[in-house]
Amino acid sequence: MTSTYSPDGSAHSGGARPGAARVPRWSVLGAATVLALGVQAVLALWVAPADANQGDAQRLMYIHVPAAWLAYLAFTVTAVASVLWLWPRTRSVKWDLVAGASAEVGVVFTALTLALGSLWGRPVWGTWWEWDARLTTTAVLLFLYLGYLALRRTGDSPDERGRRCAIAALIAFADVPVVHFSVTWWETLHQEATVFNPKLETNITGTMAWTLLWSVVAFTILYVYLVRSRTQLAEMQEGLEERELANAIAERIETGESAVTV
Amino acid sequence: MDDNGGYVIAGFALTGGVLAAYVAWLGVRLRRARRSGAGTEQPRG
Amino acid sequence: MADVPAAPAPTDPGSPRRRLRVRWVVAALVCVGVIVWMLVGGLAKNLVYLKPVSEAVEERADLGTRRFRMGGTVVPGSIVETDTGVRFELVEGGTTAEVDHSGDPPDLFEECAPVVVEGHWGAGAFLSDRLLIKHGEEYSPESESLDDCGEHPEGVDGSAAATSGPPR
(Lines give C-alpha, C1' and ligand atoms only; values in the text may rest on other atoms or scores of the structure.)
Protein backbone atom coordinates (compact mmCIF):
# COMPACT_ATOMS: atom_id res chain seq x y z
CA MET A 1 0.00 0.00 0.00
CA THR A 2 1.63 3.23 -1.04
CA SER A 3 -1.02 5.62 0.16
CA THR A 4 -3.03 5.95 3.29
CA TYR A 5 -6.23 7.70 4.04
CA SER A 6 -6.16 10.50 6.56
CA PRO A 7 -9.31 11.97 8.01
CA ASP A 8 -8.35 15.59 7.38
CA GLY A 9 -9.27 15.10 3.75
CA SER A 10 -5.76 15.23 2.41
CA ALA A 11 -4.67 11.77 1.52
CA HIS A 12 -0.95 11.58 1.76
CA SER A 13 1.61 9.31 0.28
CA GLY A 14 3.67 7.19 2.54
CA GLY A 15 7.24 8.27 2.05
CA ALA A 16 8.74 8.89 -1.35
CA ARG A 17 7.52 5.73 -3.06
CA PRO A 18 5.03 6.78 -5.73
CA GLY A 19 7.52 9.24 -7.19
CA ALA A 20 9.84 9.01 -10.08
CA ALA A 21 12.74 7.02 -8.76
CA ARG A 22 11.28 3.54 -9.21
CA VAL A 23 11.29 2.13 -12.69
CA PRO A 24 8.74 -0.69 -12.74
CA ARG A 25 9.80 -4.23 -13.48
CA TRP A 26 6.77 -5.26 -15.47
CA SER A 27 8.68 -6.33 -18.53
CA VAL A 28 7.88 -9.98 -17.79
CA LEU A 29 4.17 -9.26 -17.78
CA GLY A 30 4.57 -7.10 -20.87
CA ALA A 31 6.39 -9.88 -22.71
CA ALA A 32 3.74 -12.42 -21.66
CA THR A 33 1.04 -10.09 -22.98
CA VAL A 34 2.72 -9.65 -26.35
CA LEU A 35 3.32 -13.39 -26.65
CA ALA A 36 -0.23 -14.33 -25.66
CA LEU A 37 -1.70 -11.84 -28.14
CA GLY A 38 0.65 -13.00 -30.89
CA VAL A 39 -0.47 -16.61 -30.43
CA GLN A 40 -4.05 -15.35 -30.26
CA ALA A 41 -3.78 -13.72 -33.68
CA VAL A 42 -2.29 -16.87 -35.24
CA LEU A 43 -5.00 -19.06 -33.71
CA ALA A 44 -7.82 -16.73 -34.67
CA LEU A 45 -6.68 -15.94 -38.21
CA TRP A 46 -5.15 -19.22 -39.35
CA VAL A 47 -5.59 -22.17 -37.02
CA ALA A 48 -9.29 -21.92 -36.21
CA PRO A 49 -11.58 -23.18 -39.00
CA ALA A 50 -13.96 -20.79 -40.71
CA ASP A 51 -17.58 -21.01 -39.63
CA ALA A 52 -19.74 -22.98 -42.05
CA ASN A 53 -22.49 -20.38 -42.05
CA GLN A 54 -20.65 -17.07 -41.73
CA GLY A 55 -17.32 -17.96 -43.28
CA ASP A 56 -14.28 -15.96 -42.24
CA ALA A 57 -16.31 -13.08 -40.82
CA GLN A 58 -16.88 -15.21 -37.71
CA ARG A 59 -13.16 -14.82 -36.86
CA LEU A 60 -14.05 -11.37 -35.56
CA MET A 61 -15.64 -13.22 -32.66
CA TYR A 62 -12.18 -14.01 -31.29
CA ILE A 63 -11.56 -10.32 -30.59
CA HIS A 64 -15.11 -9.00 -30.20
CA VAL A 65 -16.01 -11.42 -27.40
CA PRO A 66 -12.76 -11.01 -25.37
CA ALA A 67 -13.01 -7.22 -25.75
CA ALA A 68 -16.55 -7.32 -24.36
CA TRP A 69 -15.37 -9.65 -21.57
CA LEU A 70 -12.63 -7.17 -20.65
CA ALA A 71 -15.13 -4.35 -20.50
CA TYR A 72 -17.26 -6.39 -18.08
CA LEU A 73 -14.18 -7.35 -16.06
CA ALA A 74 -12.82 -3.81 -15.94
CA PHE A 75 -16.10 -2.29 -14.77
CA THR A 76 -16.53 -5.06 -12.20
CA VAL A 77 -13.09 -4.26 -10.80
CA THR A 78 -14.03 -0.57 -10.75
CA ALA A 79 -17.20 -1.41 -8.81
CA VAL A 80 -15.37 -3.65 -6.32
CA ALA A 81 -12.60 -1.09 -5.79
CA SER A 82 -15.27 1.58 -5.26
CA VAL A 83 -16.97 -0.54 -2.60
CA LEU A 84 -13.59 -1.09 -0.93
CA TRP A 85 -13.09 2.67 -0.92
CA LEU A 86 -16.56 3.33 0.48
CA TRP A 87 -16.19 0.74 3.24
CA PRO A 88 -14.41 2.57 6.07
CA ARG A 89 -12.30 -0.41 7.14
CA THR A 90 -10.73 -0.86 3.73
CA ARG A 91 -10.74 2.77 2.62
CA SER A 92 -7.54 3.75 0.90
CA VAL A 93 -6.71 6.22 -1.85
CA LYS A 94 -5.27 3.24 -3.68
CA TRP A 95 -8.76 1.79 -4.29
CA ASP A 96 -9.95 5.05 -5.78
CA LEU A 97 -7.00 5.06 -8.16
CA VAL A 98 -7.53 1.41 -9.13
CA ALA A 99 -11.20 2.18 -9.81
CA GLY A 100 -10.25 5.04 -12.11
CA ALA A 101 -7.54 3.05 -13.88
CA SER A 102 -9.80 0.08 -14.51
CA ALA A 103 -12.60 2.32 -15.78
CA GLU A 104 -10.30 3.92 -18.33
CA VAL A 105 -9.21 0.51 -19.62
CA GLY A 106 -12.86 -0.56 -19.64
CA VAL A 107 -13.84 2.44 -21.76
CA VAL A 108 -11.15 1.57 -24.32
CA PHE A 109 -12.46 -1.97 -24.59
CA THR A 110 -16.14 -0.99 -24.66
CA ALA A 111 -15.41 1.29 -27.59
CA LEU A 112 -13.42 -1.48 -29.24
CA THR A 113 -16.28 -3.94 -28.67
CA LEU A 114 -18.73 -1.59 -30.38
CA ALA A 115 -16.39 -0.97 -33.32
CA LEU A 116 -15.63 -4.66 -33.79
CA GLY A 117 -19.30 -5.54 -33.47
CA SER A 118 -20.03 -3.04 -36.20
CA LEU A 119 -17.37 -4.57 -38.45
CA TRP A 120 -18.84 -8.01 -37.79
CA GLY A 121 -22.45 -6.89 -38.17
CA ARG A 122 -21.96 -5.33 -41.58
CA PRO A 123 -21.13 -8.56 -43.48
CA VAL A 124 -23.18 -10.93 -41.33
CA TRP A 125 -26.34 -9.03 -40.35
CA GLY A 126 -26.21 -6.58 -43.21
CA THR A 127 -26.00 -3.47 -41.03
CA TRP A 128 -23.33 -1.41 -39.26
CA TRP A 129 -25.63 -0.40 -36.45
CA GLU A 130 -29.10 -1.16 -35.14
CA TRP A 131 -30.78 0.38 -32.13
CA ASP A 132 -31.53 -3.00 -30.63
CA ALA A 133 -31.37 -3.52 -26.88
CA ARG A 134 -27.91 -5.10 -26.78
CA LEU A 135 -26.23 -2.52 -28.97
CA THR A 136 -27.95 0.42 -27.32
CA THR A 137 -27.25 -0.66 -23.74
CA THR A 138 -23.60 -1.22 -24.70
CA ALA A 139 -23.39 2.28 -26.15
CA VAL A 140 -24.99 3.57 -22.95
CA LEU A 141 -22.31 1.69 -20.99
CA LEU A 142 -19.61 3.53 -22.92
CA PHE A 143 -21.07 6.93 -22.15
CA LEU A 144 -21.76 6.05 -18.51
CA TYR A 145 -18.07 5.41 -17.97
CA LEU A 146 -16.93 8.30 -20.16
CA GLY A 147 -19.02 10.43 -17.83
CA TYR A 148 -17.42 8.70 -14.86
CA LEU A 149 -13.95 9.50 -16.20
CA ALA A 150 -14.95 13.13 -16.71
CA LEU A 151 -16.32 13.21 -13.17
CA ARG A 152 -12.97 12.00 -11.89
CA ARG A 153 -11.36 15.17 -13.17
CA THR A 154 -13.71 17.67 -11.65
CA GLY A 155 -11.25 18.63 -8.94
CA ASP A 156 -11.82 18.66 -5.19
CA SER A 157 -9.92 16.80 -2.54
CA PRO A 158 -9.14 13.10 -3.04
CA ASP A 159 -11.68 12.38 -0.32
CA GLU A 160 -14.54 14.18 -2.02
CA ARG A 161 -13.59 12.81 -5.41
CA GLY A 162 -13.39 9.30 -3.99
CA ARG A 163 -16.86 9.42 -2.55
CA ARG A 164 -18.49 10.99 -5.56
CA CYS A 165 -16.79 8.68 -8.04
CA ALA A 166 -17.36 5.53 -6.00
CA ILE A 167 -21.09 6.22 -5.92
CA ALA A 168 -21.12 7.06 -9.63
CA ALA A 169 -19.22 3.84 -10.39
CA LEU A 170 -21.79 1.77 -8.56
CA ILE A 171 -24.67 3.46 -10.38
CA ALA A 172 -22.96 2.97 -13.74
CA PHE A 173 -22.26 -0.68 -12.94
CA ALA A 174 -25.99 -1.39 -12.89
CA ASP A 175 -25.84 -1.33 -16.70
CA VAL A 176 -23.38 -4.23 -16.91
CA PRO A 177 -25.90 -7.01 -16.13
CA VAL A 178 -28.47 -5.19 -18.28
CA VAL A 179 -26.08 -5.36 -21.23
CA HIS A 180 -25.37 -9.04 -20.65
CA PHE A 181 -28.99 -10.11 -20.23
CA SER A 182 -30.46 -7.72 -22.82
CA VAL A 183 -30.39 -10.51 -25.41
CA THR A 184 -32.45 -12.72 -23.10
CA TRP A 185 -34.84 -10.11 -21.79
CA TRP A 186 -35.76 -8.41 -25.05
CA GLU A 187 -36.04 -9.18 -28.74
CA THR A 188 -32.73 -8.19 -30.23
CA LEU A 189 -30.93 -8.55 -33.51
CA HIS A 190 -27.90 -9.64 -31.53
CA GLN A 191 -27.82 -13.37 -30.83
CA GLU A 192 -27.74 -14.86 -27.35
CA ALA A 193 -24.47 -15.59 -25.60
CA THR A 194 -22.53 -18.54 -27.00
CA VAL A 195 -21.22 -19.62 -23.59
CA PHE A 196 -22.75 -17.68 -20.70
CA ASN A 197 -26.36 -18.07 -21.82
CA PRO A 198 -29.23 -18.94 -19.48
CA LYS A 199 -28.94 -22.65 -20.31
CA LEU A 200 -25.15 -22.55 -19.93
CA GLU A 201 -24.94 -24.45 -23.17
CA THR A 202 -21.59 -24.06 -24.86
CA ASN A 203 -22.43 -23.58 -28.51
CA ILE A 204 -18.89 -23.77 -29.76
CA THR A 205 -16.57 -26.76 -29.75
CA GLY A 206 -13.16 -28.03 -30.77
CA THR A 207 -10.50 -25.71 -32.13
CA MET A 208 -12.97 -22.83 -32.26
CA ALA A 209 -13.67 -23.19 -28.55
CA TRP A 210 -9.98 -23.42 -27.64
CA THR A 211 -9.20 -20.37 -29.74
CA LEU A 212 -11.94 -18.42 -27.99
CA LEU A 213 -10.66 -19.57 -24.59
CA TRP A 214 -7.09 -18.61 -25.43
CA SER A 215 -8.29 -15.22 -26.68
CA VAL A 216 -10.13 -14.53 -23.44
CA VAL A 217 -7.09 -15.54 -21.37
CA ALA A 218 -4.73 -13.44 -23.53
CA PHE A 219 -6.97 -10.39 -23.22
CA THR A 220 -7.19 -10.93 -19.46
CA ILE A 221 -3.38 -10.87 -19.19
CA LEU A 222 -3.45 -7.72 -21.27
CA TYR A 223 -5.97 -6.23 -18.85
CA VAL A 224 -3.73 -6.93 -15.85
CA TYR A 225 -0.83 -5.29 -17.64
CA LEU A 226 -2.83 -2.21 -18.64
CA VAL A 227 -4.51 -1.66 -15.28
CA ARG A 228 -1.23 -2.14 -13.47
CA SER A 229 0.53 0.52 -15.50
CA ARG A 230 -2.47 2.85 -15.45
CA THR A 231 -2.72 2.57 -11.67
CA GLN A 232 0.96 3.33 -11.34
CA LEU A 233 0.50 6.40 -13.51
CA ALA A 234 -2.41 7.48 -11.33
CA GLU A 235 -0.28 7.11 -8.21
CA MET A 236 2.44 9.25 -9.72
CA GLN A 237 -0.03 11.90 -10.85
CA GLU A 238 -1.65 11.87 -7.44
CA GLY A 239 1.74 12.49 -5.85
CA LEU A 240 2.48 15.28 -8.29
CA GLU A 241 -0.86 16.94 -7.73
CA GLU A 242 -0.41 16.86 -4.01
CA ARG A 243 2.99 18.46 -4.32
CA GLU A 244 1.66 21.02 -6.76
CA LEU A 245 -1.12 21.90 -4.40
CA ALA A 246 1.28 22.08 -1.45
CA ASN A 247 3.62 24.29 -3.45
CA ALA A 248 0.78 26.50 -4.60
CA ILE A 249 -0.48 26.88 -1.07
CA ALA A 250 2.98 27.64 0.21
CA GLU A 251 3.43 30.19 -2.54
CA ARG A 252 0.07 31.71 -1.77
CA ILE A 253 0.85 32.02 1.86
CA GLU A 254 4.23 33.56 1.03
CA THR A 255 3.17 36.09 -1.55
CA GLY A 256 -0.51 36.54 -0.87
CA GLU A 257 -1.30 36.26 -4.57
CA SER A 258 -4.83 35.33 -5.51
CA ALA A 259 -4.13 33.53 -8.78
CA VAL A 260 -2.45 30.19 -8.78
CA THR A 261 -0.51 29.03 -11.75
CA VAL A 262 -0.45 25.37 -12.41
CA MET B 1 -9.95 -15.48 -46.46
CA ASP B 2 -13.26 -15.16 -48.28
CA ASP B 3 -15.09 -12.05 -49.47
CA ASN B 4 -15.43 -10.81 -45.93
CA GLY B 5 -11.72 -11.10 -45.20
CA GLY B 6 -11.47 -7.32 -45.41
CA TYR B 7 -13.72 -6.88 -42.39
CA VAL B 8 -11.65 -9.42 -40.44
CA ILE B 9 -8.35 -7.77 -41.33
CA ALA B 10 -9.85 -4.35 -40.50
CA GLY B 11 -10.99 -5.68 -37.12
CA PHE B 12 -7.63 -7.14 -36.16
CA ALA B 13 -5.79 -4.08 -37.46
CA LEU B 14 -8.11 -1.80 -35.53
CA THR B 15 -7.58 -3.81 -32.33
CA GLY B 16 -3.80 -3.77 -32.79
CA GLY B 17 -3.86 -0.07 -33.55
CA VAL B 18 -6.03 0.85 -30.58
CA LEU B 19 -3.91 -1.23 -28.19
CA ALA B 20 -0.64 0.18 -29.54
CA ALA B 21 -2.00 3.72 -29.33
CA TYR B 22 -3.27 3.24 -25.79
CA VAL B 23 -0.02 1.67 -24.58
CA ALA B 24 1.92 4.50 -26.26
CA TRP B 25 -0.29 7.10 -24.60
CA LEU B 26 0.23 5.39 -21.25
CA GLY B 27 3.98 5.47 -21.86
CA VAL B 28 3.94 9.16 -22.73
CA ARG B 29 1.97 10.00 -19.60
CA LEU B 30 4.20 7.82 -17.42
CA ARG B 31 7.36 9.43 -18.77
CA ARG B 32 5.90 12.89 -18.34
CA ALA B 33 4.86 12.15 -14.78
CA ARG B 34 8.25 10.67 -14.04
CA ARG B 35 10.03 13.66 -15.52
CA SER B 36 8.04 16.23 -13.61
CA GLY B 37 8.43 14.11 -10.52
CA ALA B 38 12.20 13.79 -10.87
CA GLY B 39 14.17 16.12 -8.64
CA THR B 40 11.16 17.67 -7.00
CA GLU B 41 10.28 14.55 -5.09
CA GLN B 42 10.39 15.29 -1.38
CA PRO B 43 9.93 12.72 1.32
CA ARG B 44 6.85 13.85 3.15
CA GLY B 45 4.40 12.66 5.74
CA MET C 1 -13.43 20.18 6.52
CA ALA C 2 -9.85 20.62 5.42
CA ASP C 3 -7.77 22.78 7.70
CA VAL C 4 -5.33 23.55 4.93
CA PRO C 5 -6.47 26.11 2.36
CA ALA C 6 -6.91 23.46 -0.30
CA ALA C 7 -10.04 25.00 -1.72
CA PRO C 8 -8.87 28.42 -2.95
CA ALA C 9 -7.38 27.28 -6.21
CA PRO C 10 -10.46 25.55 -7.68
CA THR C 11 -12.91 28.19 -6.45
CA ASP C 12 -11.07 31.20 -7.80
CA PRO C 13 -13.09 32.20 -10.83
CA GLY C 14 -10.86 32.36 -13.83
CA SER C 15 -8.12 30.22 -12.38
CA PRO C 16 -6.88 27.56 -14.81
CA ARG C 17 -7.75 24.85 -12.33
CA ARG C 18 -11.33 26.01 -12.10
CA ARG C 19 -11.71 26.43 -15.85
CA LEU C 20 -10.44 22.89 -16.30
CA ARG C 21 -12.90 21.68 -13.71
CA VAL C 22 -15.83 23.38 -15.41
CA ARG C 23 -14.79 21.79 -18.69
CA TRP C 24 -14.94 18.29 -17.19
CA VAL C 25 -18.27 18.97 -15.51
CA VAL C 26 -19.61 19.95 -18.93
CA ALA C 27 -18.12 16.77 -20.43
CA ALA C 28 -19.85 14.66 -17.79
CA LEU C 29 -23.15 16.41 -18.46
CA VAL C 30 -22.77 15.86 -22.20
CA CYS C 31 -22.34 12.13 -21.51
CA VAL C 32 -25.52 12.12 -19.44
CA GLY C 33 -27.29 13.93 -22.28
CA VAL C 34 -26.11 11.38 -24.83
CA ILE C 35 -27.31 8.53 -22.59
CA VAL C 36 -30.76 10.10 -22.22
CA TRP C 37 -30.90 10.67 -25.98
CA MET C 38 -29.99 7.02 -26.67
CA LEU C 39 -32.49 5.66 -24.18
CA VAL C 40 -35.37 7.86 -25.32
CA GLY C 41 -34.61 8.06 -29.04
CA GLY C 42 -33.06 4.65 -29.54
CA LEU C 43 -34.01 2.07 -26.98
CA ALA C 44 -37.53 3.12 -26.07
CA LYS C 45 -38.65 2.77 -29.69
CA ASN C 46 -36.84 -0.49 -30.28
CA LEU C 47 -37.25 -2.46 -27.10
CA VAL C 48 -39.63 -4.56 -29.13
CA TYR C 49 -37.11 -4.88 -31.90
CA LEU C 50 -39.22 -7.19 -34.02
CA LYS C 51 -42.56 -8.96 -34.23
CA PRO C 52 -42.49 -12.68 -34.97
CA VAL C 53 -44.45 -13.62 -38.11
CA SER C 54 -47.33 -15.11 -36.11
CA GLU C 55 -47.84 -11.84 -34.20
CA ALA C 56 -47.43 -9.69 -37.28
CA VAL C 57 -50.08 -11.71 -39.13
CA GLU C 58 -52.44 -11.70 -36.16
CA GLU C 59 -52.18 -7.92 -35.73
CA ARG C 60 -52.25 -7.22 -39.45
CA ALA C 61 -55.49 -5.23 -39.35
CA ASP C 62 -54.33 -3.07 -36.45
CA LEU C 63 -50.90 -2.53 -37.96
CA GLY C 64 -52.29 -1.14 -41.21
CA THR C 65 -49.44 0.36 -43.15
CA ARG C 66 -47.38 1.13 -40.06
CA ARG C 67 -43.69 0.39 -40.37
CA PHE C 68 -42.24 -2.35 -38.18
CA ARG C 69 -39.80 -5.26 -38.22
CA MET C 70 -40.89 -8.83 -38.71
CA GLY C 71 -38.80 -11.86 -37.88
CA GLY C 72 -38.98 -15.43 -39.13
CA THR C 73 -37.23 -18.19 -41.04
CA VAL C 74 -36.99 -18.26 -44.83
CA VAL C 75 -39.12 -21.12 -46.18
CA PRO C 76 -37.02 -23.49 -48.34
CA GLY C 77 -37.85 -23.29 -52.02
CA SER C 78 -39.81 -20.06 -51.68
CA ILE C 79 -37.13 -17.61 -52.83
CA VAL C 80 -37.91 -15.99 -56.18
CA GLU C 81 -35.85 -13.20 -57.68
CA THR C 82 -37.83 -10.19 -58.85
CA ASP C 83 -36.98 -7.04 -60.81
CA THR C 84 -36.59 -5.06 -57.62
CA GLY C 85 -35.25 -7.70 -55.25
CA VAL C 86 -36.55 -10.98 -53.90
CA ARG C 87 -39.86 -12.51 -52.98
CA PHE C 88 -39.99 -15.25 -50.38
CA GLU C 89 -42.02 -16.76 -47.58
CA LEU C 90 -41.23 -16.32 -43.93
CA VAL C 91 -42.37 -18.81 -41.32
CA GLU C 92 -42.57 -18.65 -37.56
CA GLY C 93 -44.79 -20.41 -35.05
CA GLY C 94 -46.58 -22.27 -37.83
CA THR C 95 -47.61 -19.04 -39.55
CA THR C 96 -46.31 -18.16 -42.99
CA ALA C 97 -46.18 -14.71 -44.57
CA GLU C 98 -45.27 -13.61 -48.07
CA VAL C 99 -42.51 -11.00 -48.18
CA ASP C 100 -41.75 -8.75 -51.15
CA HIS C 101 -38.33 -7.28 -50.57
CA SER C 102 -36.86 -4.53 -52.72
CA GLY C 103 -33.10 -4.26 -52.64
CA ASP C 104 -30.18 -6.65 -52.61
CA PRO C 105 -30.35 -9.19 -49.79
CA PRO C 106 -27.18 -9.68 -47.68
CA ASP C 107 -24.69 -12.46 -48.49
CA LEU C 108 -26.01 -14.80 -45.85
CA PHE C 109 -29.57 -14.68 -47.15
CA GLU C 110 -30.58 -18.22 -48.05
CA GLU C 111 -33.16 -20.88 -47.38
CA CYS C 112 -33.73 -21.46 -43.68
CA ALA C 113 -31.88 -18.26 -42.76
CA PRO C 114 -33.42 -16.50 -39.76
CA VAL C 115 -34.10 -13.00 -41.06
CA VAL C 116 -35.56 -9.67 -40.00
CA VAL C 117 -37.43 -7.63 -42.58
CA GLU C 118 -38.36 -3.98 -42.12
CA GLY C 119 -41.31 -2.45 -43.87
CA HIS C 120 -45.11 -2.58 -43.77
CA TRP C 121 -48.06 -4.70 -44.83
CA GLY C 122 -49.14 -4.23 -48.43
CA ALA C 123 -51.99 -5.68 -50.43
CA GLY C 124 -50.72 -9.21 -50.90
CA ALA C 125 -47.50 -9.31 -48.94
CA PHE C 126 -45.24 -7.64 -46.46
CA LEU C 127 -43.38 -4.95 -48.38
CA SER C 128 -39.83 -4.78 -47.09
CA ASP C 129 -37.03 -2.45 -48.00
CA ARG C 130 -34.55 -3.64 -45.38
CA LEU C 131 -33.45 -7.20 -44.85
CA LEU C 132 -31.16 -8.26 -42.00
CA ILE C 133 -29.85 -11.68 -41.08
CA LYS C 134 -30.36 -12.68 -37.48
CA HIS C 135 -27.77 -15.38 -37.08
CA GLY C 136 -27.59 -17.81 -34.18
CA GLU C 137 -25.13 -18.16 -31.36
CA GLU C 138 -23.80 -21.52 -32.51
CA TYR C 139 -20.56 -21.80 -34.40
CA SER C 140 -19.21 -24.82 -36.20
CA PRO C 141 -16.94 -25.54 -39.17
CA GLU C 142 -19.39 -28.14 -40.45
CA SER C 143 -22.50 -26.98 -42.19
CA GLU C 144 -25.86 -28.16 -40.98
CA SER C 145 -28.24 -29.82 -43.36
CA LEU C 146 -30.55 -27.32 -44.97
CA ASP C 147 -33.51 -29.56 -45.69
CA ASP C 148 -34.73 -29.15 -42.17
CA CYS C 149 -35.00 -25.60 -40.91
CA GLY C 150 -36.01 -26.95 -37.52
CA GLU C 151 -32.36 -27.76 -37.01
CA HIS C 152 -31.68 -24.06 -36.88
CA PRO C 153 -31.74 -23.35 -33.19
CA GLU C 154 -32.22 -19.64 -33.68
CA GLY C 155 -35.69 -19.46 -35.13
CA VAL C 156 -35.87 -15.76 -34.33
CA ASP C 157 -38.07 -16.35 -31.33
CA GLY C 158 -36.51 -19.70 -30.53
CA SER C 159 -39.69 -21.55 -31.38
CA ALA C 160 -38.92 -22.55 -34.94
CA ALA C 161 -38.15 -26.06 -33.77
CA ALA C 162 -41.83 -26.45 -32.98
CA THR C 163 -42.92 -25.73 -36.55
CA SER C 164 -40.87 -28.38 -38.23
CA GLY C 165 -38.39 -31.02 -37.35
CA PRO C 166 -37.99 -33.05 -34.22
CA PRO C 167 -37.57 -31.29 -30.89
CA ARG C 168 -33.94 -31.04 -29.94
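It should be noted that the structure appears before, not after, this text.
Residues numbered from 1 in each chain as written. Chains lettered and ligands numbered in written order. Predicted model: local features only at pLDDT ≥ 70, side-chain atom pairs only at ≥ 80, totals over all residues.

**Q** I tried to follow the pairing of strand β6 (residues 114-121) of chain C on my own but got confused; where do I start?
**A** Regular strands place side chains that alternate from one sheet face to the opposite one. All names here are of chain C. When you tally the buried positions in β6, you get six out of eight residues, the bulk of the element. Note: strand β2 (residues 68-74) against β6, six bridges, orientation antiparallel. Bridged to Met70 within β6 is Val117. Bridge count between β6 and strand β7 (residues 126-133): seven bridges; the pairing is antiparallel. Across the sheet, Val115 pairs through a bridge with Ile133, a residue of β7. (Buried ≥ 20, exposed ≤ 12 C-beta atoms within 10 Å, placed from the backbone. Helix = DSSP H or I, 4+ residues; strand = E, 2+ residues; numbered from the N terminus. Pairing = 2+ DSSP bridges.)

**Q** Would you mind showing me how to read the environment of Arg228(A) here?
**A** Assignment of secondary structure puts Arg228(A) in helix α7 (residues 206-255). As for Arg228(A) and Val98(A), which are separated by 130 residues in sequence, their C-alpha atoms are 8.4 Å apart.

**Q** I'm lost on the interface of chain A and chain C in this one. Help?
**A** Accessible area lost during the coming together of the parts is what is often quoted as the interface size. Tallying the contact residues gives 52 residues for chain A and 49 residues for chain C. Contributions of two or more residues to the side of chain A that touches chain C are made by α3 (93-124), α4 (133-152) and α7 of chain A. In terms of residue count, the dominant contributor to the side of chain A that touches chain C is α4(A) (ten residues). Tallied by class, the residues present in the side of chain A that touches chain C amount to 26 nonpolar, 18 polar and eight charged. (Contact = placed C-beta atoms within 7 Å. Nonpolar A, V, L, I, M, F, W, Y, C, P; charged D, E, K, R; others polar.)

**Q** Hey, could you run me through the pairing of β7(C) in this one?
**A** Sheet topology places strand β5 (residues 95-102) of chain C next to β7(C); three bridges connect them, and they run parallel. Bridge pairing links His101(C) to Ser128(C) in β7(C).

**Q** Would you mind showing me how to read the nonpolar core here?
**A** As a rule of thumb, soluble globular proteins bury nonpolar side chains together. With 107 residues, the main nonpolar core has Tyr145(A) and Ala169(A) as its most contacted residues. Here this core gets 17 residues from one element, more than from any other, and that element is α3(A). Split by domain, the residues of this core number at least three in each of domain 1 (8-46) and domain 2 (51-163) of chain C. (Core = buried A, V, L, I, M, F, W, Y, C linked by C-beta atoms within 7 Å. Domains from an automatic or database assignment.)

**Q** Looking at this structure, how should I read unusual backbone geometry?
**A** Negative phi characterises most residues that are not glycine, and trans characterises most peptide bonds. In this structure, Leu200(A) takes a positive phi of about 50 degrees despite not being glycine. Relative to the helices and strands, Leu200(A) is located in the loop between α6 (175-185) and α7. Here the phi dihedral of Cys112(C) falls at roughly 75 degrees; this positive angle occurs in a residue that is not glycine. Position of Cys112(C) among the secondary structure elements: in the loop between β5 and β6. Taking the number of C-beta atoms within 10 Å as the measure of exposure, Cys112(C) has 22 and is therefore buried.

Keep in mind that these numbers describe shape and distance, not what the molecule does.
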